[in-house]
Amino acid sequence: QGLLVESGGGLVQAGGSLRLSCAASRRIFNLLVMGWYRQAPGKQRELVATMTAGGTTNYEDSVKGRFTISRDNAKSSVDLQMNSLKPEDTAVYYCYAYKGGGDYLNYWGQGTQVTVSS
């Protein structure tokens, strides 16, 4: 549903920047992983970047050095700073969270469109 709320998508020229934000509608405890996935037309959804509650990050190879993930555990929020954007970054970006604490639930945002023009 609308547990994870995303914002910040839009249209940008190649080389530009966007910042995506995602926040849970309420504080959720034990979010072991938060991050971002993306899906372009005709392609499978792929991991972009994730961060554990302890601060360990994981980036898709093509975004390393360009994208930076950050999260605020107290706010149950996660951001993605995207710099040096390329047309191949064009996709719908989805916020993701994985909850432990005994229930092990996956949460997904509704998706926000990022379009990078050449």
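Refer to the structure above for everything that follows.
Residues numbered from 1 in each chain as written. Predicted model: local features only at pLDDT ≥ 70, side-chain atom pairs only at ≥ 80, totals over all residues. Heavy atoms only, no water.

K.L.:
Got a minute to help me understand the pairing of strand E1 (residues 4–7) in this structure?
P.N.:
Look at any regular strand and the pattern is simple: side chains alternate between the two faces of the sheet. Here E1 shows one buried face, formed by Leu4 and Glu6, and one open face, formed by Val5 and Ser7. As judged from the four bridges shared by E1 and strand E3 (residues 18–24), these two strands associate in the antiparallel manner. Looking at E3, one finds that Ser7 is bridged to Ser21. (Buried < 20%, exposed > 50% of the residue type's maximum accessible area, 1.4 Å probe, protein only. Helix = DSSP H or I, 4+ residues; strand = E, 2+ residues; numbered from the N terminus. Pairing = 2+ DSSP bridges.)

K.L.:
How should I be thinking about the environment of Ala14 in this particular structure?
P.N.:
Within the fold, Ala14 resides in the loop between strand E2 (10–13) and E3. Under the relative-accessibility criterion, Ala14 is labelled partly exposed at 40%. Ala14 sits 63 residues away from Ser77 along the chain, and the two C-alpha atoms are 27 Å apart.

K.L.:
I tried to follow the packing of aromatic side chains on my own but got confused; where do I start?
P.N.:
A ring pair, where both rings are aromatic, is described by two values, the distance of the centres and the angle of the planes. Taken as a whole and assessed by the stated rule, the structure comprises four aromatic pairs. Seen in terms of ring centroids, Tyr37 and Tyr96 are 5.4 Å apart; in terms of plane orientation they differ by 70°. Their pairing is edge-to-face. Of the two residues, Tyr37 sits in strand E4 (residues 31–39) while Tyr96 sits in strand E9 (residues 91–99), which places them 59 residues apart along the sequence. Here Tyr37 and Tyr96 have matching classes, each one buried. By the ring-pair criterion, three or more aromatic residues cluster together here, those being Tyr37, Tyr96 and Trp108. Between Arg45 and the ring centre of Tyr94, over which it is positioned, the NZ or CZ distance is 3.7 Å. The ring of Trp108 carries Arg45 above its face, with NZ or CZ at 4.8 Å from the centroid. (Phe/Tyr/Trp six-rings, centres within 6.5 Å; stacked < 30°, edge-to-face > 60°. Lys NZ or Arg CZ within 6 Å of the ring centre and 35° of its normal.)

K.L.:
Hey, could you run me through the sheet that holds strand E8 (residues 77–82) in this one?
P.N.:
Across a sheet, strands are paired by hydrogen bonds formed along the backbone, either parallel or antiparallel in direction. Taken in spatial order, the four strands of this open sheet run E1-E3-E8-E7, and their pairing is antiparallel. Single-partner strands in this sheet number two, and they are E1 and strand E7 (67–72). Neighbouring strand axes in the sheet, compared pairwise and without regard to direction, differ in orientation by 15° on average. Examined bridge by bridge, E3 and E8 share six bridges and lie antiparallel to one another. Along E8, the bridge assignment pairs Arg19 with Gln81. (Axes fitted to C-alpha atoms, helices over the stretch in contact; angles between N-to-C directions.)

K.L.:
Help me understand the nonpolar core, please; the structure alone is not making it clear to me.
P.N.:
As a rule of thumb, soluble globular proteins bury nonpolar side chains together. Counting residues in each nonpolar core, the largest one holds 30 residues, and the members touching the most others are Trp36, Val48, Phe67, Ile69, Leu80, Met82 and Tyr93. Every element with two or more residues in this core is listed here: E3, E4, strand E5 (46–52), E7, E8, E9 and strand E11 (112–117). Contacts of Val48, omitting those with residues within four sequence positions, involve Trp36, Tyr37, Arg38, Asn58, Tyr59, Glu60, Val63, Phe67, Leu80 and Tyr93. (Core = buried A, V, L, I, M, F, W, Y, C linked by side-chain atoms within 4.5 Å. Contact = heavy atoms within 4.5 Å.)

K.L.:
Is there a simple way to explain the pattern of salt bridges in this structure?
P.N.:
Going through the model one piece at a time under the given rule, you end up with seven salt bridges. Salt-bridge contacts for Asp89 lead to Arg66; the nearest nitrogen and oxygen are separated by 2.8 Å. With Asp89 in the loop between E8 and E9 and Arg66 in the loop between strand E6 (57–59) and E7, the pair connects residues that are 23 residues apart, well separated along the chain. Owing to a relative accessible area of 1%, Asp89 belongs among the buried residues under this scheme. A relative accessible area of 10% places Arg66 in the buried class. Salt bridges sharing partners connect three or more residues here, namely Arg38, Glu46, Glu60, Arg66 and Asp89. (Salt bridge = Lys/Arg side-chain N within 4 Å of Asp/Glu carboxyl O.)

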